[in-house]
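Per-entry structural report
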Amino acid sequence: MKRYKITVSGRVQGVGFRPTVYRYALSEKLFGFVSNTAEGVFIEVEGAEKNIKNFLRKLKLQPPSQSRIAKISTEKIPPKFEKRFIIKKSTDRLGGKISLHISPDISICDDCLKELFDKHNRRYLYPFINCTNCGPRFTIIKDIPYDRKKTMMEEFKMCGNCQKEYENPSDRRFHAQPDACWDCGPDVKLVRSPKSEVRSQSIKAIHKTVELLKKGKIIAVKGIGGFHICCDATNDEAVKKLRRRKNRIDKPFAVMMPDIETVKKYCYVSEEEKNILLSPERPIVLLKKKTLISQSLNLSISGFVAPNNNYLGVMLPYTPLHYLLFRSVPALIMTSGNKQDAFICKDNDEAIKELSKICDFFLIHNRDIFNRCDDSIVQVDTDSNIKIVRRSRGYVPNPIPLPPTFYPLPAILATGAELKNTFCLTRGNEAYPSQYMGDLKDTKSYEFYKEAIEKMKKVLKVEPKIIVHDLHPDYFSTQYAKELWTSDFGLRTIPIQHHHAHIASVCAEHKIKDKIIGVAFDGTGYGPDGNIWGGEFLIVNGSGTFERKFHLKYIELPGGDSATNEIWRMGLSYLYRTSVRPEQVFGSEQVFAPNKCSVVKKMIEKKVNCPLTSSVGRLFDAVASIINLRQEITYEAQAAVELEQLIDGRWKMEDRSYEYEIIKDEIDVRKMILGIVNDLKPQTLKNKISVKFHNTLAKIILDVCKKLKKETKINKVALSGGVFQNSVLLEKAVKLLKSAGFEVFINSQVPSNDGGISLGQVWVAQKLLTSDKKFIKI
């Protein structure tokens, strides 16, 4: 008889790992026990050596479908001559290294979905059906190890039937922590806002909700990670009403469709896109709209769902409740349950208070949410590469591995950026980017941000000693870093330049240790010279430093932040730079802004309230304004999105471009602006100007990278920043660079927008810590 102590680390709790261990142990006639710990899963097995080897082989080759094993450690110990194998109660620690990965929330599995609609099943139509293979995880976990008493299911005592399943090794709900049914679990009710008047409960509440949706009502629906605001996506009046109430004039809404067949009626779906839609993560996938859809009006997606956009953000149902809502409606808008730019609501009272002027009714339930978690968004490019636009539900809190270091490093907290914020914590050689926080623009968002950091620290069992933040002194995330430092002078704060962090996020994903050319294009980022950067060519090295080599020539940003919404200001600024008067282009200045044009021109002339910017994002705004695509925007990057949408079909094959100059370390696009003005003729399509503009940017990237390669011999290029969410530009730039022999790296695990900044901050901090011995003393 042999006995081994086995520790399994990784994503091994909340995924049916202990029941699997139990079954494999019995099948190999082994004795001992299995238990959850803060380190992962701890096992002791005793039996014949051959059986133990078979047991380990099964664990490695056939683990539970949702598990991710990081490491299996084994140690031979003396036999105890036990006569059974049991699942022991969880223990907080065994004194070893904490390496447990928390499971993200998992879409409803096929088995549970079958039972949901089985009239003979005791969970028929139960909106919280789940098992060890699916259901809520991260959003309900308060602490580790993962047990019911440490989740939001603690208050629901299992009934006799559920308890039997929970204790039955042959049942798929064996040790399923969120297990529940109609008799003992959470329930739903429909209330009318704002007085919280209960209209109906249980399955009647769901049926009533379906009726109300078909009548054009707007309903707030509580889900796994927060509330959705929901209405019939085929009802023009309902969608327009939602836009008015939410003050969301143009920004596209996400839609949910009941199955992949329905999605294919409205969108083109590749095999890769289909796989992502059906994956356990169930993100929103950006899909190309079909131009000709069903002629039947009641089957058409409203044109107000995603105006001026060739794509639809589509997801499939991922909870039992979602499936129950689809009755005679092919698509439902499922947008985040929040006010404009605020965080997603998670509590019933909070939602009713915040959303009562938007929603007519609330479909709520009594299973509380611990961690807010919005839907993730992904896109697949023409080469089947997956781009993450927003990393949240389904992907968080999956870690991103970092390379091992010579010294054990203290835990790092990277506080992220201001917009599309995420933070990132490290534990050992793993980075844990947080769920999407949204924009940190007010005290409520700031409080949610700080609360989320504390919760993640608790579940990861880390106490950061290094705090990394953006250079911008006024960001809430920077202020938080300063707050922490003033409350504990033992902490070390490290400021990281914004665009350096963008490129570093690519380095972190691809484990790049050598010097690399970094192309960082975005809307805004604070530069060390006090100007607003955003069109940067950097050399990033392996020791955590960077050198700015080229940038878009600075231009005035008239009115500062006002110019990011009133984009005519940027059009005027670029026209002024090229000595072109607006009336030469449009015949009148009034196309920009009545009564404001002359004032802004004087601001530019006298350089009053006109910070300098090298932003490519603002260049997109200027071009959209000059061709009169639009003069103001209602959501971030709208002008850039609509410029990209002009390039479709045959226009993608166009290879003509405009002229530009590279003078010393500056890229001067005045000739490009003049070329665009010259193209503004009645017979010239805006599509042609847009594609030439995109081609020009791609050629600028290639030319500058060639210059840098000649100077530095560096052949690797990283592309990052929000501008590279533009698929047309990204694909053109990558194609040109690869054809010139460059090795090209882009973001795939975190967004290229500011949602990836925190991972980049961690990477830079880690490099600084390992290259400078004074940091190691902390």
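Thresholds, definitions, all that
Residues numbered from 1 in each chain as written. Predicted model: local features only at pLDDT ≥ 70, side-chain atom pairs only at ≥ 80, totals over all residues. Heavy atoms only, no water. Pairing = 2+ DSSP bridges. Helix = DSSP H or I, 4+ residues; strand = E, 2+ residues; numbered from the N terminus. Contact = heavy atoms within 4.5 Å. Axes fitted to C-alpha atoms, helices over the stretch in contact; angles between N-to-C directions. Core = buried A, V, L, I, M, F, W, Y, C linked by side-chain atoms within 4.5 Å. Buried < 20%, exposed > 50% of the residue type's maximum accessible area, 1.4 Å probe, protein only. 1 Å grid on protein atoms, 1.4 Å probe; cavity = no way out; pocket = protein on both sides within 12 Å on 5 of 7 lines; lining within 4 Å. Points joined across faces, edges and corners; volume = space filled by probe spheres on them. Nonpolar A, V, L, I, M, F, W, Y, C, P; charged D, E, K, R; others polar. Arc of directions from axis to C-beta. Patch = residues over 30% accessible without salt bridge, like charges linked within 9 Å, V, L, I, M, F, W, Y side chains within 5 Å. Areas by Shrake-Rupley, 256 points an atom, 1.4 Å probe, with all protein chains shown as cover. Salt bridge = Lys/Arg side-chain N within 4 Å of Asp/Glu carboxyl O. Lys, Arg positive; Asp, Glu negative; His and termini not counted. Charge placed at Lys NZ, Arg CZ, Asp CG, Glu CD. Phe/Tyr/Trp six-rings, centres within 6.5 Å; stacked < 30°, edge-to-face > 60°.

Right, let's get into the sheet that holds strand β17 (residues 400-401). Here 6 strands make up an open sheet; going across it, the order is β17-β20-β19-β18-β21-β22 and the pairing mixed. Every interior strand has two partners, whereas the edge strands, β17 and β22 (492-496), have only one. Strand contacts of helix α23 (residues 757-771): β17, β18 (412-414), β19 (424-427), β20 (430-433), β21 (466-470) and β22, with the helix running at about 140° to β18, the strand carrying the most contacts.

Let's shift gears to the nonpolar core. Ranked by size, the top nonpolar core spans 61 residues in total, and within it F537, Y574, L619, I701 and L719 carry the most contacts. Sort the elements by how many residues they give to this core and helix α21 (residues 686-712) lands first, with 10 residues. Aside from chain neighbours lying at most four places away, what touches Y574 is L552, I555, L619, A622, I626, V669 and I673. Counting residues in each nonpolar core, the second largest holds 54 residues, with A25, I98, M456 and Y480 among its members.

Taking a probe equal in size to a water molecule and rolling it over the atoms shows the remaining empty space. As enumerated under the stated definition, the model contains 9 cavities of 30 Å³ or more in all. Taken as a whole, the largest cavity encloses approximately 130 Å³ of empty space. Along the wall of the largest cavity there are 18 residues; nearest its centre are P127, I224, T319, P320 and R367. Class assignment for the residues of the lining of the largest cavity results in 11 nonpolar, 5 polar and 2 charged.

Looking now at helix α4 (residues 160-167). For the α-helix, the turn length of 3.6 residues means that residues three or four positions removed from each other point alike. Among all positions of α4, only C162, E165 and Y166 are buried. Each buried residue of α4 lies within a common arc of 100° when the element is viewed along its axis, so the set occupies one face. Counted as exposed and oriented over 90 degrees from the buried face of α4: K164 and E167.

A cluster of basic side chains, namely R192, R199, K215 and K217, defines a positive patch on the protein surface. Counting through the fold element by element, K215 comes out in the loop between α5 (202-214) and β8 (219-222). On the accessibility criterion, K215 (59% relative accessible area) is exposed.

What follows is about the sheet that holds strand β9 (residues 227-232). Strand order in the open sheet formed by 11 strands is β7-β6-β14-β8-β9-β13-β10-β12-β11-β15-β16, and the pairing between neighbours is mixed. Each of the sheet's edge strands pairs with one partner strand only, and the pair in question is β7 (197-201) and β16 (386-390). When the angles between neighbouring strand axes are averaged without regard to direction, this sheet yields 35°. On the sheet, α5 packs against β6 (188-192), β7, β8, β9, β13 (332-336) and β14 (361-365) and is oriented at approximately 45° with respect to β6. Along the sheet, helix α6 (residues 236-246) contacts β9 and β13; its crossing angle with β9, the most-contacted strand, is approximately 145°.

The subject of this paragraph is unusual backbone geometry. With an omega of 0°, the peptide bond between I144 and P145 qualifies as cis. Among the secondary structure elements, P145 is positioned in the loop between α3 (110-116) and α4. Here K29, not a glycine, exhibits a phi torsion of approximately 55°, which is positive. Within the secondary structure, K29 sits in the loop between α1 (17-27) and β2 (31-37). Take K29: its relative accessible area is 65%, and that puts it in the exposed class.

Looking at where R577 falls in the secondary structure, it is placed in helix α15 (residues 568-577). The buried charged residue R577 lacks any salt bridge, with E556 as its nearest oppositely charged partner at 4.3 Å. Setting aside chain neighbours within four positions, we find R577 in contact with K553, Y554, I555, E556 and R670.

On to the packing of aromatic side chains. Taken as a whole, this structure holds 15 aromatic pairs when the rule is applied. Arranged with centres 6.2 Å apart and planes meeting at 65°, the rings of Y22 and F85 form a pair that is edge-to-face. With a gap of 63 residues between them, Y22 in helix α1 and F85 in strand β5 (residues 85-87) connect regions that are remote in the sequence. Here F85 falls in the buried class, since its relative accessible area comes to 5%.

Turning our eyes to something else, we now look at the pattern of salt bridges. What the rule picks out here adds up to 48 salt bridges. Close ionic contact of E46 with R3 constitutes a salt bridge, the shortest N to O distance being 2.5 Å. Separated by 43 residues along the polypeptide, E46 in strand β3 (residues 40-47) and R3 in strand β1 (residues 2-11) bring together distant segments of the chain. Here the two residues E46 and R3 agree in accessibility, since each one is buried. Notably, a salt bridge pairs K80 with E44, separated by 3.2 Å at the nearest N-O pair. Placement of the pair is K80 in the loop between β4 (68-77) and β5 and E44 in strand β3, with a sequence separation of 36 residues. Sharing partners across several salt bridges, the network here consists of E115, R122, R123, E165, R172, R173 and D179.

We now examine the environment of I400. Its location among the elements puts I400 in strand β17. Residues I400 and A508 lie 108 residues apart in sequence; the distance between their C-alpha atoms is 8.4 Å. Those residues in contact with I400 that lie beyond four places of it in its chain are R391, N429, E430, A431, P433, Q749, V750 and L759.

This is a description of form; function is not addressed.
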